[in-house]
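One-letter residues, chain by chain:
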Amino acid sequence: MSLYGYDSADAATNCICDLRSDTLTKPSVGMRQAMMSAPLGDDVYGEDPTVARLEQELAARLGKEAAMFFPTGTQSNLAAVMAHCGRGDEVIVGDRYHLYCDEAAGVSVLAGVSMMPVNTAEDGGLDADGIVAALKVDDPHYPRSRLLSLENSVGGRVVSSDRVKAGIDVARKADLATHLDGARFFNAIIELGCDAPHLAAPFDTISVCLSKGLGAPSGSVLVGPQAMMAQLKRNRKILGGAMRQSGVLAAAGLFALEHHLPQLAQDHVRAASLASALRHTGLGDVSSQTNMVFLTPRAEDHPGLIRHMAEAGIKIGGQSPAIRMVLHRDVDDAALDAAITAFRAFEPGH
Ligand SMILES: Cc1ncc(COP(=O)(O)O)c(C=O)c1O
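All values reported here derive from a predicted model rather than from experimental measurement. (Residues numbered from 1 in each chain as written. Predicted model: local features only at pLDDT ≥ 70, side-chain atom pairs only at ≥ 80, totals over all residues. Heavy atoms only, no water.)

### Looking at the sheet that holds strand β5 (residues 144–151)
This is how it is decided: Between any two strands, at least two bridges found by DSSP are needed for them to pair. Note on conventions: DSSP H or I runs of at least 4 residues are helices, E runs of at least 2 residues are strands, and numbering of each starts at the N terminus. Angles shown run from 0 to 180 degrees and are taken between the N-to-C directions of axes, each axis being a line fitted to C-alpha atoms and, for helices, limited to the stretch in contact.
Taken in spatial order, the seven strands of this open sheet run β2-β8-β7-β6-β5-β3-β4, and their pairing is mixed. The outermost strands of the open sheet, each flanked by one partner alone, are β2 (66–70) and β4 (114–118). Strand-to-strand twist of the sheet, defined as the mean angle between neighbouring strand axes without regard to direction, takes the value 25°.

### Describing the domain arrangement of the chain
Using the following cut-off: A domain assignment, automatic or from a database, supplies the domain bounds used here. The criterion used for residue contact is that any of the two residues' heavy atoms lie within 4.5 Å. Accessible area that two parts lose when put together, with a 1.4 Å probe and added across both, is what the buried area reports. Here a salt bridge means any side-chain nitrogen of Lys or Arg lying within 4 Å of a carboxyl oxygen belonging to Asp or Glu. Under the scheme applied, nonpolar residues are Ala, Val, Leu, Ile, Met, Phe, Trp, Tyr, Cys and Pro; charged residues are Asp, Glu, Lys and Arg; polar residues are all the others, including Gly.
On domain assignment, one finds that the chain holds domain 1 (8–26 + 263–345) and domain 2 (29–260). Averaged C-alpha coordinates put domain 1 and domain 2 at centres separated by 28 Å. In this assembly, 14 residues from domain 1 lie in contact with 17 residues from domain 2. Here domain 1 packs against domain 2, burying approximately 1600 Å² in sum over the two surfaces, 49% of which is carbon and sulfur. At the boundary of domain 1 with domain 2, the tally comes to one salt bridge. Ionic pairing is found between Asp 22 and Arg 184, a salt bridge with its closest N-O pair at 2.8 Å. If one sorts the elements of the side of domain 1 that touches domain 2 by residue count, helix α12 (residues 264–281) sits on top with three residues. Of the residues that constitute the side of domain 1 that touches domain 2, the class distribution is four nonpolar, seven polar and three charged.

### A closer look at unusual backbone geometry
Geometrically, the link from Asn 152 to Ser 153 is a cis peptide bond, its omega value of 0° lying close to zero. Ser 320 connects to Pro 321 through a cis peptide bond whose omega is 5°. Mapped onto the fold, Pro 321 is located in the loop between β11 (314–315) and β12 (323–326). Positive phi, close to 55°, is recorded for Ala 104, a residue that is not glycine. With respect to the helices and strands, the residue Ala 104 is situated in the loop between α4 (98–101) and α5 (106–111). For Thr 290, which is not glycine, the phi dihedral falls at a positive 45°. Structurally, Thr 290 can be placed in the loop between β9 (284–289) and β10 (292–297).

### Looking at the packing of aromatic side chains
Aromatic ring pairs are reported here in terms of the distance separating the ring centres and the angle at which the planes meet. Spelled out, the test is: Classification of ring pairs uses Phe, Tyr and Trp, with its six-membered ring standing for Trp, and accepts pairs whose centres are within 6.5 Å; under 30 degrees between planes counts as stacked, over 60 as edge-to-face, and the remaining range as tilted. In this scheme, a residue with accessible area under 20% of its type's maximum is buried, one over 50% is exposed, and one in between is partly exposed, where area comes from a 1.4 Å probe on protein chains only.
Scanning the entire structure with this criterion turns up one aromatic pair. With centroids separated by 5.4 Å and ring planes inclined at 85°, the aromatic side chains of Phe 185 and Phe 186 adopt a geometry described as edge-to-face. With a relative accessible area of 5%, Phe 186 lands in the buried category.

### Notes on the site of the ligand
To be explicit about the condition: One heavy atom within 4 Å of a molecule or strand is enough for the residue carrying it to be called near that molecule or strand. The term polar contact refers here to a pair of N or O atoms within 3.5 Å; inside protein, the definition further demands a hydrogen-donor-capable atom paired with an acceptor-capable atom, and it admits residues adjacent in sequence only when both atoms are side-chain atoms. Note on areas: Shrake-Rupley with a 1.4 Å probe; residue coverage comes only from the protein chains shown.
The full set of residues close to the ligand is Thr 72, Gly 73, Thr 74, Asn 77, His 98, Glu 103, Glu 151, Asp 181, Ala 183, Arg 184, Cys 209 and Lys 212. For the ligand, an oxygen atom lies 2.6 Å from a polar atom in the side chain of Thr 74. In the environment of the ligand, a nitrogen atom lies 2.6 Å from a nitrogen or oxygen atom belonging to the side chain of Asp 181. Here the ligand, which alone exposes 390 Å², has 81% of that area covered by the protein. Broken down by element, the shell around the ligand gets its largest block of residues, three residues, from helix α3 (residues 73–84). Tallied by class, residues from the shell around the ligand come to two nonpolar, five polar and five charged.

### Notes on the packing of helix α1 (residues 29–36) against helix α11 (residues 247–260)
Using the following cut-off: When an angle is under 35 degrees it counts as roughly parallel; over 145 it counts as roughly antiparallel; between 65 and 115 it counts as roughly perpendicular; any other value is oblique. For any pair of crossing helices, the crossing counts as left-handed if the nearer helix is rotated counterclockwise from the farther one by less than a right angle, and right-handed if it is rotated clockwise.
Contact geometry for α1 and α11: axes closest at 8 Å, N-to-C directions at 140°. Viewed along their axes, α1 and α11 adopt a mutual orientation that is oblique. Note on packing geometry: the crossing formed by α1 with α11 is right-handed. Contacts between α1 and α11 involve Gly 30, Met 31, Ala 34 and Met 35 from the first element and Val 248, Leu 249, Ala 251, Ala 252, Phe 255, Ala 256 and His 260 from the second. For the contact of α1 with α11, the residue count by class is nine nonpolar, two polar and no charged.

Next comes the structure, spelled out in structure tokens:
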């Protein structure tokens, strides 16, 4: 079994429902057609009209001046940190955030920026007191505190606007820049019931992924002030992310915003249904918000449950102790019913 729970050899076989991640979404037929017919140019020359349109669209939706298209969210986060920080500077970040845990320490390895992890609370937010405690005084022994990087949503949970504001306020007081890893930005605004500019407003830069629940094959957009774009373009080049006819990918993003985004809330509804059904099975503790569900079975049932589900054609996360399940546009009601039926059929101890 790999980190993601299954060997790649069996990844495509016998699968009725794949709940491991919303990154597994495949481009819809309409999206593929949009990719086929997109007007293209060389984006390194600044001549790809579809990339330009996507960048303008995201900047406008979030109420910011400008945006830049990146191949991945990891690179978009890294380019942003590089634009905010120099070597020997420090970014304050949640100890369960993707930037800290799951991006191979790129900001340290490639940008010479150290990361100061702060306890991530149950709601996914950082306590303002924790941020204050993490700030360094100006002393040659220490890195310079330069940036606060938040995430929303965090492992499926949304951080309230008040909580975000409290963290931003202490960061601003200390003259820190602010970045949001909004890989699932639109899931967060659906759950919070706010509009995109409201969630984006407190941050200098926001990275939004198109390749999660929005269903594009690749691509993230970094949104921020016009004055940062030249530096970001340089950073993207340094990181090898300057692409040529990337309008084929940007077209997928534009299609996702127009046609897939209006359906994103369905994933949240299905996640709530799955959570409710799981609570009735008594298999273990269940929690759920946005498009994610976490089930913590008894330790002795964990391997058997994953095996049982796999035999029923249902892929679930291999994590332990809590198993993560992510609803996404390639899991329809029939696939969800199949998953629920399989959970109900599990007999602990078998
Ligand atoms: C919260 C968060 N941030 C950033 C990323 C990175 O995105 P990518 O896989 O496009 O590099 C992910 C990917 O899953 C993520 O979940």
